[in-house]
There are 2 protein chains.
Amino acid sequence: MAQEIERKFLVKDDSWRAAADQGTAYRQGYLSTERGRVVRVRVKGTQGVLTIKGERQGISAPEFEYPIPLADAEKLFKLCLRPLIEKVRYEVPHAGLTWEIDVFSGENEGLVLAEVELDSEDQQVELPSWAGPEVSDDGRYSNASLVSSPYRNW
Amino acid sequence: MAQEIERKFLVKDDSWRAAADQGTAYRQGYLSTERGRVVRVRVKGTQGVLTIKGERQGISAPEFEYPIPLADAEKLFKLCLRPLIEKVRYEVPHAGLTWEIDVFSGENEGLVLAEVELDSEDQQVELPSWAGPEVSDDGRYSNASLVSSPYRNW
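Residues numbered from 1 in each chain as written. Chains lettered and ligands numbered in written order. Predicted model: local features only at pLDDT ≥ 70, side-chain atom pairs only at ≥ 80, totals over all residues. Heavy atoms only, no water.

Enquirer: Before we move on, can you summarise the pattern of salt bridges with the specific residues and values?
Expert: With the rule as written, the count across this model stands at 28 salt bridges over all chains. Measuring nitrogen to oxygen at the nearest pair gives 2.7 Å for the salt bridge that ties A:Asp102 to A:Arg89. Of this pair, A:Asp102 sits in strand β7 (residues 97-105) while A:Arg89 sits in strand β6 (residues 85-94), placing them 13 residues apart in sequence. One exposure class covers both A:Asp102 and A:Arg89, and it is buried. Between B:Arg89 and B:Glu115 there is a salt bridge whose closest N-O contact spans 3.6 Å. Residue B:Arg89 is located in strand β6 (residues 85-94), and its partner B:Glu115 is located in strand β8 (residues 112-117); the two are separated by 26 residues in the primary sequence. Judged by its relative accessible area of 8%, B:Arg89 is buried. What emerges from the salt-bridge pattern is a single network uniting A:Lys8, A:Lys87, A:Arg89, A:Glu100, A:Asp102 and A:Glu115. (Salt bridge = Lys/Arg side-chain N within 4 Å of Asp/Glu carboxyl O. Helix = DSSP H or I, 4+ residues; strand = E, 2+ residues; numbered from the N terminus. Buried < 20%, exposed > 50% of the residue type's maximum accessible area, 1.4 Å probe, protein only.)

What follows is the structure in structure tokens.
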């Protein structure tokens, strides 16, 4: 088990792209979106992974990750709630941290989110110029919530 | 992914005990009991396992099983729906097949179920003398259902 400590921001403009990598396609679906026992199936590039997320306390949540065969992940997608979440994740280094920029497509087309994973809750973060309002505490922006309430319907 | 094909019976008496092994303690909890996307955490003896079960068609269901560290399973139990399922599983050979007899405790004390796993749906099964009425099609006897509706409350 790991503890995931994460802050999440909207993105003001496209200037992050200058420092971004080429991006990795993510597809993910949910077997449970219930708060405190979220179960996610993800394909990241060609790697399958099964993740369970416990109850979030502030910006921290317990997280359990298990690699699974790609073929299993594809079959598990058929069991998942609809829609699946599709996005390209870009990595952008800034001031010693790696930011992840998720550019959503499909039912969540138009949504772009920036996340940064931290070692501790009180870690100081130097915000990039392209970082918009923080949405760490806004549940609508959790990927699990984007299943039942996709961005297109907001 | 495997396909689980299974028939389930009530148990008439204790005569199966004569041919049973010493039994293995099972504890299991559910992150989702939703039909078609059941997610189970199990500790069998000292082995943790995470299982996802898809929609049952007749007596068959797709099943995905992943071994996980015992320490993870214990932590995942804290996220699971209550109550956890506790039982001792005994193996009983009969007419070329291995029957599994689950003797429940905790909230499901008093319930004893016999299961036999098959290679095909139309496989002939010679029923042991202690096998009672078949309950393969009675959803109340699924372990996932015994969480929301434990045997003690029937």
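Enquirer: Explain the interface of chain B and chain A residue by residue, including any values.
Expert: Contacts between chain B and chain A engage 21 residues on the former and 21 residues on the latter. Both faces considered, chain B and chain A share a buried interface measuring about 1,800 Å² in area, 71% of it formed by carbon and sulfur atoms. Among the residues chain B hides against chain A, the three largest losses belong to B:Arg37, B:Tyr66 and B:Leu79. Together they make up 32% of the total. For the interface between chain B and chain A, the tally reads 0 salt bridges. Counting the contacts that link chain B with chain A gives 6 residue pairs in polar contact (both at pLDDT 80 or more). Going through the elements one at a time, β2 (24-32), β3 (37-44), β4 (47-54), β5 (60-68) and α1 (70-77) of chain B are the ones with two or more residues in the side of chain B that touches chain A. When residues of the side of chain B that touches chain A are assigned to their parent elements, the largest contribution, 4 residues, is made by β4(B). Considered class by class, the residues forming the side of chain B that touches chain A number 13 nonpolar, 3 polar and 5 charged. (Contact = heavy atoms within 4.5 Å. Buried area = accessible area lost by both parts, 1.4 Å probe. Polar contact = N/O pair within 3.5 Å; in protein donor to acceptor, adjacent residues only side chain to side chain. Nonpolar A, V, L, I, M, F, W, Y, C, P; charged D, E, K, R; others polar.)

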